[in-house]
Amino acid sequence: MTRVLVVDDEPQIVRALAINLRARRYDVHTAATGTEALAVAAAYPPDLVILDLGLPDMDGTEVIAGLRGWTAAPILVLSGRTDSADKVDALDAGADDYVIKPFGMDELLARMRAMVRRGSPASDDQPVVQVGDRTVDLATRRVTNGDGSDVRLTPTEWHLLEVLVRNPGKLLSQAHLLGEVWGPGYENAHGNLRLYMGQLRRKLEADASHPRHLLNEPGLGYRFEP
């Protein structure tokens, strides 16, 4: 049974989530503060965390940092904040995804299921990834079309693709991707990222103007959806 820790200081949200999740056979633990969340997580290590950023005793990013010190469990942020910078901070702190309040239960449950699936074998154990009808082989650093012919990528295109496919479904902030691919000092070079994502889409997506796998969350970052 998947163990979920729900952290929110709004009792009605906690109650609604607990009822819906337990009805779907999740093992649910709850906390109303950051301090309580860290204590409950230590006592009952979660498989997934649903976390509100606005807690009464500490910011949600501090809770994320505390959890990331010892667990890789997926963290889904609930945010009532409209400033994208808050969400970017949460992603950079180690969150895996976010849902804006008010949220639909069906969307939340779908994202949870995807996160739990991604928490199963690591991508290193599955070096071959499909991007539509293209095959990305992380071991040989080769991308091929459905007919077996090579898709030629520049070193930068490959590095960007590799970071994305090794984190399937996870929203990666622009600053994170720029730091990973281009290195220190490029955290604000958003034009570079847009250029190379456009090139990857033209080479890998069936329709670059309507991508299905290399997706953008405006103002936040990018994610790879298998």
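Placed above this text is the structure.
Residues numbered from 1 in each chain as written. Predicted model: local features only at pLDDT ≥ 70, side-chain atom pairs only at ≥ 80, totals over all residues. Heavy atoms only, no water.

Q: Even after reading the chapter, I still don't get the overall build of the protein chain, so can you show me in this structure?
A: In terms of helices and strands, the protein chain carries eight helices and eleven strands. Its C-alpha atoms give the protein chain a radius of gyration of 19 Å, near enough to 17 Å, the size a compact globule of 226 residues would have. By its C-alpha atoms, the protein chain is 55 × 35 × 30 Å across when sized along the principal axes. The buried share of the protein chain, taken over its 226 residues, is 44%. Total accessible area on the protein chain stands at roughly 11000 Å², and carbon and sulfur atoms take up 49% of it. (Helix = DSSP H or I, 4+ residues; strand = E, 2+ residues; numbered from the N terminus. Rg over C-alpha atoms; globule rule 2.2 N^0.38 Å. Buried < 20%, exposed > 50% of the residue type's maximum accessible area, 1.4 Å probe, protein only. Areas by Shrake-Rupley, 256 points an atom, 1.4 Å probe, with all protein chains shown as cover.)

Q: What am I meant to see in the sheet that holds strand S9 (residues 172-173) here?
A: Sheets are built from strands paired through backbone hydrogen bonds, the pairs being either parallel or antiparallel. The antiparallel open sheet is built from three strands, whose spatial order is S9-S11-S10. The open sheet has two edge strands, S9 and strand S10 (214-217), and neither has a second partner. The strands touched by helix H8 (residues 190-204) are S10 and strand S11 (221-224); relative to S10, the strand with the most contacts, the crossing angle is about 145°. (Pairing = 2+ DSSP bridges. Contact = heavy atoms within 4.5 Å. Axes fitted to C-alpha atoms, helices over the stretch in contact; angles between N-to-C directions.)

Q: Looking at this model, I keep getting lost on the packing of aromatic side chains. Mind explaining?
A: The description of an aromatic ring pair uses the distance of the two centres, along with the angle that the planes make with each other. According to the stated counting rule, one finds one aromatic pair in the structure shown. Judged by centre distance (5.5 Å) and plane angle (65°), the rings of Trp182 and Tyr196 are edge-to-face. Highlighted residues: Trp182 in the loop between helix H7 (174-181) and H8 and Tyr196 in helix H8, separated in sequence by 14 residues. Residue Trp182 is classed as buried on the basis of its relative accessible area, which comes to 19%. (Phe/Tyr/Trp six-rings, centres within 6.5 Å; stacked < 30°, edge-to-face > 60°.)

Q: Quick question: what am I supposed to make of helix H5 (residues 105-118) here?
A: Note on helix geometry: an α-helix contains 3.6 residues per turn, so any two residues three or four positions apart are oriented the same way. Between its first and last C-alpha atoms H5 spans 20 Å; for 14 residues at 1.5 Å apiece the expected length is 20 Å, and the two agree. Along H5, the positions that sit buried rather than exposed are Met105, Leu108, Leu109, Met112, Ala114 and Met115. Contacts made by the buried residues of H5 are with strand S1 (3-7), helix H1 (11-23), strand S3 (48-52), strand S4 (75-79) and strand S5 (97-100). (Expected span 1.5 Å × (residues − 1).)

Q: Help me understand the pattern of salt bridges in this model?
A: Side-chain pairing between opposite charges can occur once the charged atoms of the two side chains come close. One pass over the full model with this rule turns up 15 salt bridges. Residue Asp96 pairs with Lys170 through a salt bridge whose shortest N-O separation is 3.7 Å. Remark: Lys170 occurs in the loop between helix H6 (155-165) and S9 and Asp96 occurs in the loop between helix H4 (84-93) and S5; sequence separation between them is 74 residues. The salt bridge partner of Arg166 is Glu162, with a shortest N-O separation of 3.4 Å. The class for Arg166 is partly exposed, based on a relative accessible area of 29%. Glu162 sits in the buried class, given a relative accessible area of 15%. Through salt bridges with shared partners, one network takes in Asp97, Glu107, Arg111, Glu217 and Arg223. (Salt bridge = Lys/Arg side-chain N within 4 Å of Asp/Glu carboxyl O.)

Q: Explain H1 here, please?
A: Here H1 is 13 residues long and its end C-alpha atoms lie 18 Å apart, about the 18 Å a rise of 1.5 Å per residue gives. Where H1 is concerned, the buried positions are Ile13, Val14, Leu17, Ala18 and Leu21. In a view along the axis of H1, the buried residues occupy a sector of 125°, so they form one face of it. Exposed residues lying more than 90 degrees from the buried face of H1 are Pro11, Ile19 and Ala23. The secondary structure elements touched by the buried residues of H1 are S1, strand S2 (27-31), S3, S4 and H5. Two residues or fewer past H1, Arg25 is found with a positive phi of approximately 70°. (Arc of directions from axis to C-beta.)

Q: I keep staring at the environment of Ile19 and nothing clicks. Help me out?
A: Looking at where Ile19 falls in the secondary structure, it is placed in helix H1. Each C-alpha atom of the pair Ile19 and Val49 lies 16 Å from the other, and the pair is 30 residues apart in sequence.

Q: Any chance you could explain the pairing of S3 here in plain terms?
A: Residues in a regular strand point their side chains to alternate faces of the sheet. Most of S3 is tucked away, with five of its five residues classed as buried. On S3, burial covers both faces: Leu48, Ile50 and Asp52 on one face and Val49 and Leu51 on the other are all buried. With four bridges connecting them, S1 and S3 associate as parallel partners. Looking across to S3, one finds that Leu5 is bridged to Val49. Taking the sense of rotation as the criterion, the β-α-β connection linking S3, helix H3 (residues 60-68) and S4 turns out right-handed. (Right-handed = clockwise from strand over helix to strand, strands pointing away.)

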